[in-house]
2 protein chains.
Amino acid sequence: MCANLPLDQILQGDCVEILERLPEKSVDLIFADPPYNLQLQKELWRPNQTRVDAVDDDWDHYDSLEAYDAFCRQWIAACRRVLKDTGTLWVIGSYHNIFRIGALLQDLGFWFLNDVIWIKTNPMPNFRGVRFTNAHETLLWVSKFKGARYTFNHHALKALNDDLQMRSDWLLPICNGPERIRHNGQKAHSTQKPEALLYRVLTAASCPGDVVLDPFFGSGTTGAVAKKLRRHWIGIEREAEYIRVAEERLAQVQPLSEEDAVYALEGRAPAKTRRLPFGRLLEAGLLQPGQSLYYRGERAQAAQVRADGRLMLDGLCASIHGLASQLSGGAPANGWLAWYYEDENQRLCVIDELRQRLLADSHGAA
Amino acid sequence: MCANLPLDQILQGDCVEILERLPEKSVDLIFADPPYNLQLQKELWRPNQTRVDAVDDDWDHYDSLEAYDAFCRQWIAACRRVLKDTGTLWVIGSYHNIFRIGALLQDLGFWFLNDVIWIKTNPMPNFRGVRFTNAHETLLWVSKFKGARYTFNHHALKALNDDLQMRSDWLLPICNGPERIRHNGQKAHSTQKPEALLYRVLTAASCPGDVVLDPFFGSGTTGAVAKKLRRHWIGIEREAEYIRVAEERLAQVQPLSEEDAVYALEGRAPAKTRRLPFGRLLEAGLLQPGQSLYYRGERAQAAQVRADGRLMLDGLCASIHGLASQLSGGAPANGWLAWYYEDENQRLCVIDELRQRLLADSHGAA
DNA sequence: ATGTCAAATGAATCAGTGC
DNA sequence: AGCACTGATTCATTTGACA
């Protein structure tokens, strides 16, 4: 971690200027909730003749699509510079702006990992009945370039989702009730995001101790969740009033215990199996060099174990994973489940059983 | 409708060339399911739609984005020309291409009505657990320009959704089972869309007799649903094999009866009342000039009826609607429901009852 | 305290017809 | 095209008043 990174603070000012003063490749995760450029047309009234308190803040106004594009190109490029090569960027938006931002991200070399849909359980209806209820917002999740390594805590997310793989559609309520910060009954910020949304983002794409940056900090939801989950955070915000709101809020956040933060990361998934190289089976005497392993348990496809832990078959030589992949036509393969050995009773058993036996032995790990 | 519009046919060829031969402003609805960003297919397209044989991987990421943009700009512009000013365009895509298309639509002057998320009940899992399950596709719905009139059958959609306003998130299964067209066990088309999706699109944004065009016709789902719902359809498709599949499919489609098609359109909408000016109540003798009407049934807010059918209160003088609007602080108001008169028993009744009485009298309409 | 009902409200590109 | 006039339209939650 960079020594001169201002951690766990809110930096006041224009996000582009401040980002350009931060060290490059120093941040693990960026969550950006930029102005949406809503361009509201006129007053909107409910059928019960009350007025809708719409977002009409000055910070959301741009003169043209071109002006909005130029603004976004600047802050996205500045984010890219401070992001580690293994870091990822999230952006949230609506149809007013998200297509421009998505295209810009691709133009600037980012690589899409997912677009995630936040489906609101309780959106504002379309009062005039002239369109579909606008019931969602879109989150973009991109890595810095194609092929970049990145963090995705698959098991934590799976656990968060009742042991089903987490999908790209997230059903969550809007920020309301006690969580919504109000002063004298007025919203402290017109677009405060729910903590549940950030909880999911940070759990998925960062680890405890990582640095999470939010260039449009607002009421500080990103910081609040980062602090709770024991991530470092950096907030950038222009408006002094929002900074006061966020600082008061952050002072009240209690971080989870270290164990709980790690537990939140691992979720209820089976304890993460330690990595164990295939060669350990040879070292442990569970397999012998020269012994045959059978692809998918078929005796017709026999490979020989080499002393270095590689397999040979028909002149091919590769790891258990690589050879299985080649035999399957190139699909990624888990060699532990692809290869079978003959046990003392001449029965074929999957080699993963040997790995499990070794892992269960507390002294077995390398 | 244009006399020289080739209705209920599949036109073979490049969609841009064919669109440019069709009459302008002649089509009510376009549904487009364009090829995804060709990064995935490892193909390059020149701006003139000819395919570049990409023999290796050394093509440039940015060149490919630009080529895809050029391709999309052409077909979208061609669609815009044939679309009536009151027509709307739908485009479906995934994160690979939808952001480029959304931005292009805005650049070309289209106006967003909604982005709609098709959430798949049964998506393909992410087998390697390195991302979220990509469980949705995005549909864009745009009118030709800001402020354009367009068709949205609010009541039909509300009826489709158990009398709740239809939202922008649609939960529908992917096309599978008997609906999926197969030849010798092979999918006849790799991206056949479910008819339920098109059913909702056409029900929402077109009327029986309208002309629906699909520039990437494929297996013909758009045509099949259009025929069923008694819309005219035009399909454009390059591949002869897909055309054969679609023609065979369309021959088997039975249109709904006219009544069913109209019922599907109207849903449970209230019968449309004829328009009746307030002055007719005076002419019919149901109200007298000088009589008092009470705003929202409160005797403290009494307006006087003038002989010209306007109301006066506190020096204000306006129509029943205009005065109700002013009294409510500017909200649009339905005067028929806002004003009450005193009946022969000194009870206050809403003046809409008088309108209904006059409308029920078949001779009452102006 | 507890229950019931009315009022308030949330990132919104929010009207249609006829002259 | 522009103007004047008519009149159709909302869901899930939370908050607060009041019994």
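So, here's what we can say about the structure. (Residues numbered from 1 in each chain as written. Chains lettered and ligands numbered in written order. Predicted model: local features only at pLDDT ≥ 70, side-chain atom pairs only at ≥ 80, totals over all residues. Heavy atoms only, no water.)

Quick look at the protein's contact with DNA strand C
Residue and element names in this part refer to chain A.
- Every one of the 41 residues lining DNA strand C counts as a neighbour, but Arg 46, Tyr 95, Met 124, Arg 128 and Arg 180 are closest to it.
- Each atom of DNA strand C within 4 Å of the protein was assigned to sugar, phosphate or base; sugar and phosphate come to 48%.
- A distance of 3.0 Å separates a base nitrogen of DNA strand C from a polar backbone atom of Lys 42. (Near = heavy atom within 4 Å. Polar contact = N/O pair within 3.5 Å; in protein donor to acceptor, adjacent residues only side chain to side chain.)

Looking at the pairing of strand β17 (residues 339–342) of chain B
All names here are of chain B.
- Judged by which residues are buried, β17 turns out to be one-sided: Trp 339 and Tyr 341 face inward and are buried, whereas Tyr 340 and Glu 342, on the alternate face, are not.
- Where strand β13 (residues 292–295) lies against β17, 2 bridges are found, and the strand directions are antiparallel. Bridging across to β17, Tyr 295 finds its partner in Trp 339.
- Where β17 and strand β18 (residues 348–350) come together, 3 bridges link them in antiparallel fashion. Residue pairing across strands places Tyr 341 opposite Cys 349, the latter belonging to β18.
- The antiparallel pairing of β17 with β18 creates a hairpin that spans 5 residues between the two strands, and Gln 346 there sits at a positive phi of about 60°. (Buried < 20%, exposed > 50% of the residue type's maximum accessible area, 1.4 Å probe, protein only. Helix = DSSP H or I, 4+ residues; strand = E, 2+ residues; numbered from the N terminus. Pairing = 2+ DSSP bridges.)

Quick look at the packing of aromatic side chains
- Scanning the entire structure with this criterion turns up 34 aromatic pairs over all chains.
- Pairing B:Phe71 with B:Phe216 gives two aromatic rings, centres 6.4 Å apart and planes at 65°, and the pair type is edge-to-face. With B:Phe71 in helix α2 (residues 61–82) and B:Phe216 in the loop between β11 (211–214) and α6 (221–228), the pair connects residues that are 145 residues apart, well separated along the chain.
- Given a relative accessible area of 16%, B:Phe216 falls into the buried group.
- Joined through ring pairs, the aromatic side chains of A:Trp90, A:Trp141, A:Tyr150, A:Phe152, A:Trp170 and B:Phe132 make up one cluster. (Phe/Tyr/Trp six-rings, centres within 6.5 Å; stacked < 30°, edge-to-face > 60°.)

Describing the environment of B:Ala333
- Positionally, B:Ala333 belongs in the loop between α10 (320–327) and α11 (335–338).
- With a relative accessible area of 21%, B:Ala333 lands in the partly exposed category.
- Sequence separation between B:Ala333 and B:His321 is 12 residues, and the spatial gap between their C-alpha atoms is 5.7 Å.
- Residues in contact with B:Ala333, not counting those within four places in the same chain, are A:Gln49, B:His321, B:Ala324 and B:Ser325. (Contact = heavy atoms within 4.5 Å.)

Here's the deal with the relation of the copies chain B and chain A
- With an RMSD of 1.7 Å, chain B superimposes on chain A once it is rotated by 179° and translated 0.8 Å along the axis. Taken together, the rotation and translation relating the two chain copies correspond to the operation of a two-fold axis. Rotation axis and chain B: the residue whose C-alpha lies nearest the axis is B:Phe99, separated from it by 2.7 Å.
- When the interface residues of chain B are mapped onto chain A, 83% of them again fall at the interface, so both copies present the same face. (Least-squares fit on C-alpha atoms with pLDDT ≥ 70 in both.)

As for the interface of chain B and chain A
- Each partner contributes residues to the interface: chain B has 59 residues there, and chain A has 55 residues.
- Between chain B and chain A, the buried area comes to about 4800 Å², and carbon and sulfur atoms account for 53% of it.
- The tally of links from chain B across to chain A stands at 2 salt bridges.
- At the junction of chain B with chain A, the criterion picks out 31 residue pairs in polar contact (both at pLDDT 80 or more).
- Mapped onto the side of chain B that touches chain A, the elements with two or more residues apiece are α2, α3 (98–107), β6 (111–120), β7 (136–143), α4 (154–160) and β8 (169–172) of chain B.
- Counting residues per element, the side of chain B that touches chain A draws most heavily on β6(B), which supplies 9 residues.
- Residue composition of the side of chain B that touches chain A, by class: 30 nonpolar, 19 polar and 10 charged. (Buried area = accessible area lost by both parts, 1.4 Å probe. Salt bridge = Lys/Arg side-chain N within 4 Å of Asp/Glu carboxyl O. Nonpolar A, V, L, I, M, F, W, Y, C, P; charged D, E, K, R; others polar.)

Points about the protein's contact with DNA strand D
- With respect to spatial proximity, 24 residues lie near DNA strand D, and among them A:Arg128, B:His155, B:Lys158, B:Gln165 and B:Trp336 are the closest.
- Note that a base nitrogen of DNA strand D is positioned 3.2 Å from one of the side-chain N or O atoms of A:Arg128.
- Separating a phosphate oxygen of DNA strand D from a side-chain N or O atom of B:Ser319 is a distance of 3.4 Å.
- It is α4(B) that contributes the most residues to the surface near DNA strand D, 3 residues altogether.
- Of the residues assigned to the surface near DNA strand D, the class counts are 10 nonpolar, 10 polar and 4 charged.

With respect to the nonpolar core
- Grouped together as the largest cluster of nonpolar side chains are 73 residues, with contacts concentrated most on A:Trp75, A:Ile76, A:Ile101, A:Leu105, B:Trp75, B:Ile101 and B:Leu105.
- Residues contacting B:Trp75, with those up to four places away along its chain left out, are B:Cys15, B:Val16, B:Leu19, B:Ala32, B:Pro34, B:Val91, B:Ile101 and B:Phe216. (Core = buried A, V, L, I, M, F, W, Y, C linked by side-chain atoms within 4.5 Å.)

A word on the side chain of A:Arg180
Residues and elements named next belong to chain A.
- Mapping Arg 180 onto the fold places it in the loop between β6 (169–172) and β7 (182–183).
- Although Arg 180 is buried, it makes no salt bridge; Asp 53 carries the closest opposite charge, 7.8 Å away.
- At 2.7 Å, the side chain of Arg 180 forms a polar contact with the backbone oxygen of His 189.
- Beyond its immediate chain neighbours, meaning those up to four positions away, Arg 180 contacts Cys 175, Lys 187, His 189, Ser 190, Thr 191 and Gln 192. (Lys, Arg positive; Asp, Glu negative; His and termini not counted.)

Details of the sheet that holds β6(B)
Residues and elements named next belong to chain B.
- What the 8 strands build is an open sheet, ordered β1-β12-β11-β2-β5-β7-β6-β8; its pairing is mixed. Each edge of the sheet is formed by a strand with only one pairing partner; in this case those strands are β1 (9–12) and β8. Along the sheet, successive strands turn relative to each other by an average axial angle of 20°, direction set aside.
- Examined bridge by bridge, β6 and β7 share 8 bridges and lie antiparallel to one another. Paired with Val 116 across the strands is Leu 139, a residue of β7.
- Relative to β8, helix α5 (residues 195–205) is tilted by about 145°, and along the sheet it contacts β2 (27–32), β5 (83–93), β6, β7, β8 and β11. (Axes fitted to C-alpha atoms, helices over the stretch in contact; angles between N-to-C directions.)

Don't take any of this as a statement about function, it's just geometry.
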